[in-house]
Amino acid sequence: MTRNDAMELLKKYTTKPNLIKHAVAVAGVMKYFAKQAGQDENYWEVVGLLHDIDYEIDPECHCHRCVEILRENGISEDMIHAIQSHGYEICTDVEPLNYMERVLSVVDQLSGFIIACALMKPDKKLSSVDLASVKKRWKDKKFAAGTERERIIKMCEIMGRDFDWVIQETLDAMTPMADELGI
């Protein structure tokens, strides 16, 4: 599946601009991490685009309803597993088993957290966000309270990566997308 095909499929089930921007952000970060890992950038990007395909239409069954949608659209079982696994310990028991799935589990929430950090800056620009500002906000449990902080840190450890490194790499991945994301 191409990026354009994935975007068309996403927009078939997702109409809210912020959810589409979130999918684009996650997809871009996934592509960046794939390149670093010497993996299939298109595959990782498509997983990122489709990871929340069921969220708008059925948030109560998020990471479950997607199975039917994705199978109906010819998506492979390994991609379905990856997409389901990003909700591990939140809304599903499908465990992230490989590096790509663990990256998705982290960058799904971390990219949203970084966007929230940008929106708190006076200029509301992603370019104003750095590692120190993310870490400062991270310590404030009331800020982006829905972020599963302990889970993200645990998943970074399972990935074999330092949390600060993951934050910086996610920032580096998102910065070129700032205009597309509107921040």
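Scroll up to find the structure.
1. Details of the nonpolar core
Counting 60 residues, the largest nonpolar core has Leu-50 and Met-174 as the members making the most contacts within it. Not counting chain neighbours up to four residues away, the residues in contact with Leu-50 comprise Met-1, Ala-6, Leu-9, Leu-10, Leu-70, Ile-75 and Ile-83.

2. Looking at unusual backbone geometry
Although it is not a glycine, Glu-89 sits at a positive phi angle of roughly 70°. Inspection of the secondary structure puts Glu-89 in the loop between α5 (77–85) and α6 (99–120). By relative accessible area, which is 43% here, Glu-89 ends up partly exposed. The phi dihedral of Ala-144 is positive, around 45°, even though this residue is not glycine. Following the sequence through the fold, Ala-144 ends up in the loop between α7 (131–139) and α8 (149–159). On the basis of relative accessibility, which here comes to 27%, the residue Ala-144 falls in the partly exposed class.

3. Re the environment of Ile-69
Assignment of secondary structure puts Ile-69 in helix α4 (residues 65–72). Overall, the relative accessible area of 3% leaves Ile-69 in the buried class. Considering only alpha carbons, one finds Ile-69 and Trp-44, 25 residues apart in sequence, at a separation of 19 Å. Excluding anything up to four places from it in sequence, Ile-69 contacts Tyr-13, Ile-53, Asp-54 and Ile-57.

4. A look at α8
Among all positions in α8, only Arg-149, Arg-151, Ile-152, Met-155, Cys-156 and Met-159 are buried. Buried residues of α8, viewed axially, fall in a sector of 165°; they line one side. Across from the buried face of α8, at angles greater than 90 degrees, the exposed residues are Glu-150 and Glu-157. Gly-160 sits one or two positions beyond α8 and adopts a positive phi of about 80°.

5. As for the side chain of Ser-85
Take Ser-85: it is sitting in helix α5. Side-chain polar atoms of Ser-85 contact the backbone oxygen of Ala-82, separated by 2.8 Å. In contact with Ser-85, not counting residues within four places along its chain, are Val-94, Glu-95, Pro-96, Glu-101, Ser-105 and Arg-151.

Reading the values: rules and limits
- Residues numbered from 1 in each chain as written.
- Predicted model: local features only at pLDDT ≥ 70, side-chain atom pairs only at ≥ 80, totals over all residues.
- Heavy atoms only, no water.
- Core = buried A, V, L, I, M, F, W, Y, C linked by side-chain atoms within 4.5 Å.
- Buried < 20%, exposed > 50% of the residue type's maximum accessible area, 1.4 Å probe, protein only.
- Contact = heavy atoms within 4.5 Å.
- Helix = DSSP H or I, 4+ residues; strand = E, 2+ residues; numbered from the N terminus.
- Arc of directions from axis to C-beta.
- Polar contact = N/O pair within 3.5 Å; in protein donor to acceptor, adjacent residues only side chain to side chain.

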